[in-house]
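Listed below, chain by chain, are the residues.
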Amino acid sequence: MEAKEITWIGMGAAYATLGVSFLMLWLNRVKLKKQLLLALVRMTVQLALVGIYLTALFDLNDPIVNVAWVLAMCAVANYSLLRGSGLKLALFAYTFPALLIAIGAVLAYFVALVFQPSPLLDARYVIPVAGMLLGNSMSRTLITLERFYSAVRGDLDGYSSCIAMGASVREAAAPYVSTAYRVGLAPWLASMATIGLVFLPGMMTGQILGGSPPMTAIFYQIAIIIAIHVATELASMLAIRFSMRKGFDELGFLRLEIFK
Amino acid sequence: MITLEDIDLDLGGKPILRGIGFQVRSGDKAVIHGESGSGKTSLLKLLIGLHRPSRGRVTIDGAELTGKAIHGIRGRTFYMPQEVRPIGEETAREFVDFVFGFAVARALAPSGDELLEALERLRLAPELLEARMSELSGGERQRMGLVRGLLLRRELMLLDEVTSAVDEENKRLIVEHLLGLEGVTIVAVTHDPLFVERASLRVELRAGELVRAERPGGG
């Protein structure tokens, strides 16, 4: 069964409901109308562009183009996460391989052993799955990196005392890694525990609306959640490990110049 | 022996220490004292390479504190900052054990009896080991930090106002205990009159400059 297309009138009806949101802002004198409008325009333009490039990628369906696209998405995600984490772009060369290894390994594993599309590098599988892995890994890695470096910076005396007693950077930083890791993992655990009870994930809902039987959609959703979980774990831990080469000097000191 | 020769220290473009020079002998119980902001903590950090002098040099047993030499010296040193801050949800036992996970200290991991003895010396109840560090008072956290120091048995102890949050009675006990550690060189930043009075070397700073470095009774 194919998904029933939404007509232009239907899209107009969807946008019309935003009037309620603007009315609420106006009634409550919240001065965010301009920002909301801007965000809505951006969302529309971005998704329209996604529609255009996905159509082109799916039509082309060239394995080399697909891999190149994933690489480009990795670079953009890496740039965004460093910008959001309060760290300088000098760390790009260290966090980029972390993201690439995590996404590449998990994507290859799931495509080859779980989804098994034909051809193997089918754009319809590789591009959307890579996008989901990257989006989640980016936000988790951002939180973990930010928490890690600000925790060490906030307890510089405690960290330095371990270095002064002969600990390696890895040994001295271990408790801060663990704290950052826990902070990054907590929201994901909470959301995983309520999937299906409180909300239905977007991908699964989309598949059901697109005509897939619910159980097929649920199998895909479970596989995707596991893939996201493993990729985000790998990406955030590798990003910390790799970035420590740049983040600390040869004597074990935190390089304060990595912060913006 | 620790030797400081004509040390200047600038941090963030600001002069912190100027023209500091003195010697700490093996086994000394040295104190660095002076008013707040006189550069005491910065001076202590210089002794273990946590700051690098802008001019002059620091040597420990003849080895300058640069590059690889620092790693060797750090393996023989216990350093404790003034504030012992909990990092997460760790218990006091995990806090003490943490340093014995370092490759340089793994062989020194204490037995249960040694740990209890160290707690007793610092008048800490064994039950506190199972409490979270965040639940302990500032003084108890400082004493847990010193438990690490006693168990590590390092030949050089650098202590930065490590009794500042401890009550008077326990402060006296800790100072007496530290002064009695044989074969251990101690350099302590402190305001404690007993520690200053009984020290074998008193280094006084004012506004980043050395007022005096004296040994009571000469020597």
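Quick summary incoming for the structure in this document. (Residues numbered from 1 in each chain as written. Chains lettered and ligands numbered in written order. Predicted model: local features only at pLDDT ≥ 70, side-chain atom pairs only at ≥ 80, totals over all residues.)

## Details of the overall build of chain B
Assigned secondary structure in chain B consists of seven helices and 10 strands. In terms of C-alpha radius of gyration, chain B reaches 17 Å, essentially the compact-globule figure of 17 Å for 219 residues. With the C-alpha coordinates aligned to their principal axes, the bounding extent of chain B is approximately 50 × 40 × 35 Å. For chain B, the proportion of contacts with a sequence separation of at least 24, taken over those separated by at least 6, is 69%. (Helix = DSSP H or I, 4+ residues; strand = E, 2+ residues; numbered from the N terminus. Rg over C-alpha atoms; globule rule 2.2 N^0.38 Å. Contact = placed C-beta atoms within 7 Å.)

## Points about the nonpolar core
Counting 119 residues, the largest nonpolar core has I103 and L133 of chain A together with V147 of chain B as its most contacted members. At 15 residues, the largest contribution of residues to this core is made by helix α6 (residues 123-154) of chain A. Here I103 of chain A is in contact with C74, A130, L133, L134, S137, A231 and A235 of chain A, once residues within four sequence places are set aside. (Core = buried A, V, L, I, M, F, W, Y, C linked by C-beta atoms within 7 Å. Buried ≥ 20, exposed ≤ 12 C-beta atoms within 10 Å, placed from the backbone.)

## Focus: the interface of chain B and chain A
Taken together, the 21 residues of chain B in the interface contact 16 residues of chain A. For the side of chain B that touches chain A, the secondary-structure elements that each account for two or more residues are α2 (67-74) and β6 (77-80) of chain B. The leading source of residues in the side of chain B that touches chain A is β6 of chain B, at four residues.

## Concerning the pairing of strand β9 (residues 201-206) of chain B
Residues and elements named next belong to chain B. With burial as the criterion, only one face of β9 is covered, namely that bearing L201, V203 and L205; the residues R202, E204 and R206 on the opposite face remain uncovered. Examined bridge by bridge, strand β3 (residues 29-34) and β9 share five bridges and lie parallel to one another. Paired with I32 across the strands is V203, a residue of β9. As judged from the five bridges shared by β9 and strand β10 (residues 209-214), these two strands associate in the antiparallel manner. Bridge pairing in β10 places V203 opposite A213. Linking β9 to β10, which pair antiparallel, is a turn of two residues; within it A207 sits at a positive phi near 50°. (Pairing = 2+ DSSP bridges.)

## Side note on helix α7 (residues 156-164) of chain A
Burial runs high along α7 of chain A: seven of the nine residues are buried. Along α7 of chain A, the residues classified as buried are G158, Y159, S160, S161, C162, I163 and A164 of chain A. Buried-residue contacts for α7 of chain A involve α6 and α8 (169-194) of chain A together with α2 and β6 of chain B. A positive phi of about 100° marks G166 of chain A, the residue just after α7 of chain A.

## Focus: the environment of L209 of chain A
Within the element layout of this structure, L209 of chain A appears in helix α9 (residues 202-209). Separated by 27 residues in sequence, L209 of chain A and S236 of chain A have C-alpha atoms that sit 33 Å apart.

## Looking at unusual backbone geometry
A negative phi angle characterises most non-glycine residues, just as the trans form characterises most peptide bonds. Residue P119 of chain A follows S118 of chain A across a cis peptide bond; omega there is 0°. Note on placement: P119 of chain A falls in the loop between α5 (92-115) and α6. At R29 of chain A, a residue that is not glycine, the phi angle is positive and equals roughly 55°. When you line up the elements, R29 of chain A lands in the loop between α2 (18-27) and α3 (33-60). Its identity as a non-glycine residue notwithstanding, D61 of chain B has a phi of 50°, on the positive side. Mapped onto the elements, D61 of chain B comes out in the loop between β4 (55-60) and β5 (63-64). Since 14 C-beta atoms lie within 10 Å of it, D61 of chain B is described here as partly exposed.

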